[in-house]
Amino acid sequence: IRLSSLSALPIVMLLALPIYSHALPSYANQPIKLLSDKATYSERTGITSYTGTVVITQGTFKMTADDITVNLSQGRSINSAIATGRPATMQQVVTQEKGLAKGQANKIDYNAVNGIITLTGNAKLVQNGASFAGNVIRYSLKAGDVEATAGGNQRVELVFPPNSNTSQSSLR
């Protein structure tokens, strides 16, 4: 990969993380729990707004923020959610093998239809010992793929842990 230090083009890093057959059960079939200081709901639009230390959980998925706006389908399932905070956070157990993915940013856009989470502004994501930081991070909950983009004066930073298989054999 050729990287230019002043490139305005996205820097794309895809993890070679295959989908495992031991995936956790779908959280989409589990109840949604929302906690906040204030909630407003529009029956006409299906848009619900939550303010004041908002927490959304569904299965192993959790999102926290100062404010969250949720777009519900006619069946009252989440189509999308936009969270803002200093920072807004999310976490999800992807599979037993990959473990817990944790992200934070000034804004988190969750598209429940395609399983894509976009973290914008001081974005950070940690999964399976690897960490990603940049202006924008797009993360697929379904596949585990990550795309990190630089912005302004901020560059993309990736940190991968050492391979645990390379431990010294003389320490037996």
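Residues numbered from 1 in each chain as written. Predicted model: local features only at pLDDT ≥ 70, side-chain atom pairs only at ≥ 80, totals over all residues. Heavy atoms only, no water.

Draft legend 1. The arrangement of the pairing of strand β7 (residues 116–127) in detail. In this structure, strand β6 (residues 99–111) lies alongside β7, joined through nine bridges in antiparallel fashion. Directly across from Ala101, in β7, lies its bridge partner Gln127. Taken together, β6 and the strand that follows it, β7, pair antiparallel across an intervening segment of four residues, in which Gly115 is found at a positive phi of about 75°. Pairing of β7 with strand β8 (residues 130–140), which is carried by ten bridges, proceeds in the antiparallel orientation. Within the sheet, the bridge partner assigned to Thr118 lies in β8 and is Arg138. Two successive antiparallel strands, β7 and β8, enclose a turn made up of two residues, where Asn128 displays a positive phi of approximately 55°. (Pairing = 2+ DSSP bridges. Helix = DSSP H or I, 4+ residues; strand = E, 2+ residues; numbered from the N terminus.)

Draft legend 2. Seen up close, the environment of Asn111. Of note, Asn111 is situated in strand β6. Its relative accessible area of 27% is what places Asn111 among the partly exposed residues. The sequence separation of Asn111 and Ser140 amounts to 29 residues, and the corresponding C-alpha distance is 9.7 Å. Leaving out residues up to four positions away in the same chain, Asn111 has contacts with Asn79 and Ile116. Here Val113 takes part through its backbone nitrogen, which lies 2.9 Å from a polar atom of the side chain of Asn111. (Buried < 20%, exposed > 50% of the residue type's maximum accessible area, 1.4 Å probe, protein only. Contact = heavy atoms within 4.5 Å. Polar contact = N/O pair within 3.5 Å; in protein donor to acceptor, adjacent residues only side chain to side chain.)

Draft legend 3. Inspection of the nonpolar core at higher detail. Core analysis: the largest hydrophobic core is formed by 31 residues, its most contacted members being Ile68, Val70, Ile108, Tyr110, Ile117, Leu119 and Ile137. Listed by contribution, the elements that provide at least two residues to this core are β3 (47–58), β4 (61–72), β5 (78–95), β6, β7, β8 and β9 (146–149). Every residue in contact with Ile108, bar those within four places of it in the chain, is listed here: Met63, Ala81, Ile82, Ala83, Ala88, Thr89, Met90, Ile117, Thr118 and Leu119. (Core = buried A, V, L, I, M, F, W, Y, C linked by side-chain atoms within 4.5 Å.)

Draft legend 4. Local environment of the side chain of Thr118. With respect to the helices and strands, the residue Thr118 is situated in strand β7. Contact partners of Thr118, with chain neighbours within four places excluded, come to Lys107, Ile108, Asp109, Val136, Ile137 and Arg138.

Draft legend 5. Seen up close, unusual backbone geometry. The peptide bond linking Arg86 to Pro87 adopts the cis configuration, its omega dihedral lying at -5°. One non-glycine residue with positive phi stands out, namely Asn122, at about 50°. In this fold, Asn122 is placed in strand β7. Overall, the relative accessible area of 48% leaves Asn122 in the partly exposed class. Despite not being glycine, Asn128 has its phi angle at roughly 55°, a positive value. Among the structural elements, Asn128 can be located in the loop between β7 and β8. On the basis of relative accessible area, Asn128 is assigned to the partly exposed category, the value being 49%.

Draft legend 6. Spotlight on the confidence of the model for the protein. In the predicted model, the protein carries a mean pLDDT of 78, and 78% of its residues have values of at least 70. Averaged pLDDT values over the elements of the protein bottom out at 88 in strand β1 (residues 32–35) and peak at 94 in β7. For residues 1–25, every residue scores under 50 in pLDDT, and the model assigns this stretch 38 contacts once sequence neighbours within four places are set aside. (pLDDT = per-residue confidence, 0-100.)

Draft legend 7. Structural detail: the environment of Ile82. Within the element layout of this structure, Ile82 appears in strand β5. Taking the C-alpha atoms as reference points, Ile82 and Leu119, separated by 37 residues in sequence, lie 10.0 Å from one another. When near neighbours in sequence (up to four residues on either side) are disregarded, Ile82 contacts Asp67, Ile68, Thr69, Lys107, Ile108 and Asp109.

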